[in-house]
Amino acid sequence: QAQLVESGGGLVQAGESLRLSCAASGSMYAIDDMAWYRQAPGMQRELVASTTRGGIMYVADFLKGRFTISRDNAKNTIYLQMNSLQFGDTGVYYCSANVLSSYWDTGTLYWGQGAQVTVST
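What comes next concerns the included structure. Since the structure is predicted, the reported quantities are computational estimates derived from the model, not experimental observations.

Rules used throughout
- Residues numbered from 1 in each chain as written.
- Predicted model: local features only at pLDDT ≥ 70, side-chain atom pairs only at ≥ 80, totals over all residues.
- Heavy atoms only, no water.
- Helix = DSSP H or I, 4+ residues; strand = E, 2+ residues; numbered from the N terminus.
- Rg over C-alpha atoms; globule rule 2.2 N^0.38 Å.
- Buried < 20%, exposed > 50% of the residue type's maximum accessible area, 1.4 Å probe, protein only.
- Contact = heavy atoms within 4.5 Å.
- Areas by Shrake-Rupley, 256 points an atom, 1.4 Å probe, with all protein chains shown as cover.
- Lys, Arg positive; Asp, Glu negative; His and termini not counted.
- Charge placed at Lys NZ, Arg CZ, Asp CG, Glu CD.
- Pairing = 2+ DSSP bridges.
- Axes fitted to C-alpha atoms, helices over the stretch in contact; angles between N-to-C directions.

On to the overall build of the chain. For the chain, the count of helices and strands is 0 helices and 11 strands. Along the chain, helices and strands appear, N-terminal first, in the series β-β-β-β-β-β-β-β-β-β-β. Expected size for 121 residues packed as a compact globule is a radius of gyration near 14 Å; at 14 Å, the chain falls within 12% of this value. Along the first, second and third principal axes, the C-alpha atoms of the chain reach 50 × 25 × 25 Å. The buried share of the chain, reckoned over its 121 residues, is 40%. When contacts within the chain are restricted to residue pairs at least 6 apart in sequence, long-range pairs at least 24 apart make up 54% of them. Of the roughly 6,500 Å² that the chain leaves accessible, carbon and sulfur atoms contribute 51%. Seen as two clouds, the 8 positive and the 9 negative side-chain charges of the chain have centres 3 Å apart.

And the structure:
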């Protein structure tokens, strides 16, 4: 079993920055893809950014230039740097990870508990 713990959320004013962290721990052979999603009130969860184990990064087009994803494989941690935050960025940000239990395993998807990000105008 693996656990994902997010941290770094909070209340900020529009234009400010936040950095989210997501650390994976527990029993695992390796971690494949990791990603950040967000869910605004009354809206569906949407993909924000993702990263592969080999370091290929993806950021949603509508967030490019403001959000950056990074990964530290030694720490089993990903980060989401969010700059120039806007009111529309408000929501709960979830981390996900495809955790492999062995070399032959195709992986199990785990989710973090979510981190609240609130941007005030």
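Still to come is the rest of the account.
So, on to the sheet that holds strand β1 (residues 2-7). The antiparallel open sheet is built from 4 strands, whose spatial order is β1-β3-β8-β7. Two strands in the sheet have a free side with no partner beyond their single neighbour: β1 and β7 (67-72). Geometrically, the sheet is characterised by an average inter-axis angle of 15° between neighbouring strands, direction not taken into account.

Our next topic: the pairing of strand β4 (residues 30-39). Note: β4 against strand β9 (residues 91-100), 8 bridges, orientation antiparallel. Bridging across to β9, Ala30 finds its partner in Leu100. Adjacent in sequence and paired antiparallel, β4 and strand β5 (residues 46-51) are bridged by 6 residues, among which Gly42 carries a positive phi angle near 75°.

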